[in-house]
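Chains, contacts and geometry: an overview
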Amino acid sequence: MFTGIIQEIGKVTSVSRLGNEMRFVLDLKSLVNKNLELGESVAINGACHTIEELNGSKATFFSSQETLKKTNLRFLRPDDSVNLELSLTPSTRMGGHFVSGHIDGLAKLLSVQNLKESYLAHFEIPSNFSKYLVNKGSICLNGISLTIANKESKESTVFSVAVIPHTWQNTNLQFNKVGHLLNCEVDMLAKYIENLVST
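A few points on the structure. Computed from a predicted model, the values in this text were never measured in an experiment.

1. Digging into the overall build of the protein
From N to C terminus, the protein includes 3 helices and 13 strands. For the protein, the spread of C-alpha atoms along the principal axes amounts to about 50 × 45 × 40 Å. Counting every position in the protein, which comprises 199 residues, the buried fraction comes to 43%. For the protein, the exposed surface amounts to about 10,400 Å²; the carbon and sulfur share of it is 50%. Across the protein, the centroid of the 19 positively charged side chains sits 5 Å from that of the 19 negatively charged ones.

What follows is the structure, given as structure tokens:
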């Protein structure tokens, strides 16, 4: 379980393609000072992964076929930047919202408006996820807990998020260009409510 508050921007140091699966190494930078151990969970662009190996600040991870099919991790190359967050502990401050680390699909970046210091980013998602989006509701993009600023209509697949300077400067959102695909996890509470109501 995660909060969607990014703790570090890591760097991809190597990628090994294994058919439809992949193993890759990240430089965790400052996160290495958090007394990490093998088997710990790390959200990488919002997708939950397990540390397989540790060598200094470098950690090795494995992505299954299912993970690669649903996330933008399949596009990873050396020197790419990724958002990192360690899993929750009982004493962690809940600054974002509950994030499982299980990606629902991909959101396409349509545009970014520079509003002097902050930014307004517009995204499009697959139509089957539109029902989970509400104005002022939560959404997780590349592991970042964000608030939906506007969704034009109930059926709309396009929505916007306001990005404050701190979030822009401390996540890989700043490196994304129009057309890029970001990992998207819709609010899990909405999915639970839907399941309860539909039974």
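Picking up after the structure, the text goes on.
2. Some points on the sheet that holds strand 1 (residues 8-18)
The strand order across the open sheet built from 7 strands is 4-3-7-1-2-6-5, with neighbouring strands paired in antiparallel fashion. The open sheet has two edge strands, strand 4 (47-50) and strand 5 (53-55), and neither has a second partner. This sheet shows a mean twist of 35° between the axes of neighbouring strands, independent of strand direction. Looking at chain direction, strand 3 (residues 41-44) and strand 4 are connected through 4 bridges and run antiparallel. Along strand 4, the bridge assignment pairs Ser41 with Thr50.

3. Section: the packing of aromatic side chains
In the structure shown here, the tally under the stated rule is 3 aromatic pairs. Their ring planes at 15° and their centres at 3.8 Å tell us that Tyr119 and Trp168 sit as a pair that is stacked. Separated by 49 residues along the polypeptide, Tyr119 in strand 9 (residues 118-124) and Trp168 in helix 2 (residues 165-169) bring together distant segments of the chain. With respect to class, Tyr119 is no different from Trp168; both count as buried.

4. As for a nonpolar patch on the surface
A surface patch of nonpolar side chains, amounting to about 340 Å² of accessible area, comprises Ile193, Leu196 and Val197. Within the secondary structure layout, Val197 lies in helix 3 (residues 188-198).

5. Details of the pairing of strand 10 (residues 138-141)
As paired strands, strand 10 and strand 11 (residues 144-151) are joined by 4 bridges and run antiparallel to one another. Looking at strand 11, one finds that Leu141 is bridged to Ile144. Linking strand 10 back to strand 11 in an antiparallel pair, the connection comprises 2 residues, with Asn142 at a positive phi of about 50°. Summarising the sheet, strand 10 and strand 13 (residues 181-186) pair through 3 bridges and their orientation is antiparallel. Across the sheet, Cys140 pairs through a bridge with Glu185, a residue of strand 13.

6. As for the sheet that holds strand 11
Sheet strands associate in pairs through backbone hydrogen bonding, adopting either a parallel or an antiparallel arrangement. Taken together, the 6 strands give a closed barrel; going around it, the order is 8-9-12-11-10-13, and neighbouring strands pair in antiparallel fashion. Averaged over all adjacent pairs, the angle separating strand axes in this sheet is 45°, with direction ignored. Relative to strand 12 (residues 158-163), strand 9 runs antiparallel, the two being bridged by 6 bridges. When the bridges of strand 12 are listed, His122 appears paired with Ser160.

7. Topic: the nonpolar core
Core analysis: the biggest nonpolar cluster contains 23 residues, and Phe123, Ile139, Leu141, Phe159 and Val161 have the highest contact counts within it. Those elements that place two or more of their residues in this core are strand 8 (105-115), strand 9, strand 10, strand 11, strand 12 and strand 13. Beyond its immediate chain neighbours, meaning those up to four positions away, Ile139 contacts His97, Leu133, Ile144, Ser145, Leu146, Ile148, Phe159, Val161, Cys184 and Glu185. Listed in part, the 20 residues of the second largest apolar core include Leu36, Ile51, Ala59 and Leu68.

8. Here we look at the pattern of salt bridges
All chains considered together, the criterion is met by 4 salt bridges. Note that Lys69 and Glu66 form a salt bridge whose closest N and O atoms lie 3.4 Å from each other. With Lys69 and Glu66 both in helix 1 (residues 65-70) and 3 residues apart, this pair spans about one turn of that helix. A relative accessible area of 42% places Glu66 in the partly exposed class. Each member of the salt-bridge network shares a partner with another, and the members are Glu66, Lys69 and Lys70.

The rules we used
- Residues numbered from 1 in each chain as written.
- Predicted model: local features only at pLDDT ≥ 70, side-chain atom pairs only at ≥ 80, totals over all residues.
- Heavy atoms only, no water.
- Helix = DSSP H or I, 4+ residues; strand = E, 2+ residues; numbered from the N terminus.
- Buried < 20%, exposed > 50% of the residue type's maximum accessible area, 1.4 Å probe, protein only.
- Areas by Shrake-Rupley, 256 points an atom, 1.4 Å probe, with all protein chains shown as cover.
- Lys, Arg positive; Asp, Glu negative; His and termini not counted.
- Charge placed at Lys NZ, Arg CZ, Asp CG, Glu CD.
- Pairing = 2+ DSSP bridges.
- Axes fitted to C-alpha atoms, helices over the stretch in contact; angles between N-to-C directions.
- Phe/Tyr/Trp six-rings, centres within 6.5 Å; stacked < 30°, edge-to-face > 60°.
- Patch = residues over 30% accessible without salt bridge, like charges linked within 9 Å, V, L, I, M, F, W, Y side chains within 5 Å.
- Salt bridge = Lys/Arg side-chain N within 4 Å of Asp/Glu carboxyl O.
- Core = buried A, V, L, I, M, F, W, Y, C linked by side-chain atoms within 4.5 Å.
- Contact = heavy atoms within 4.5 Å.

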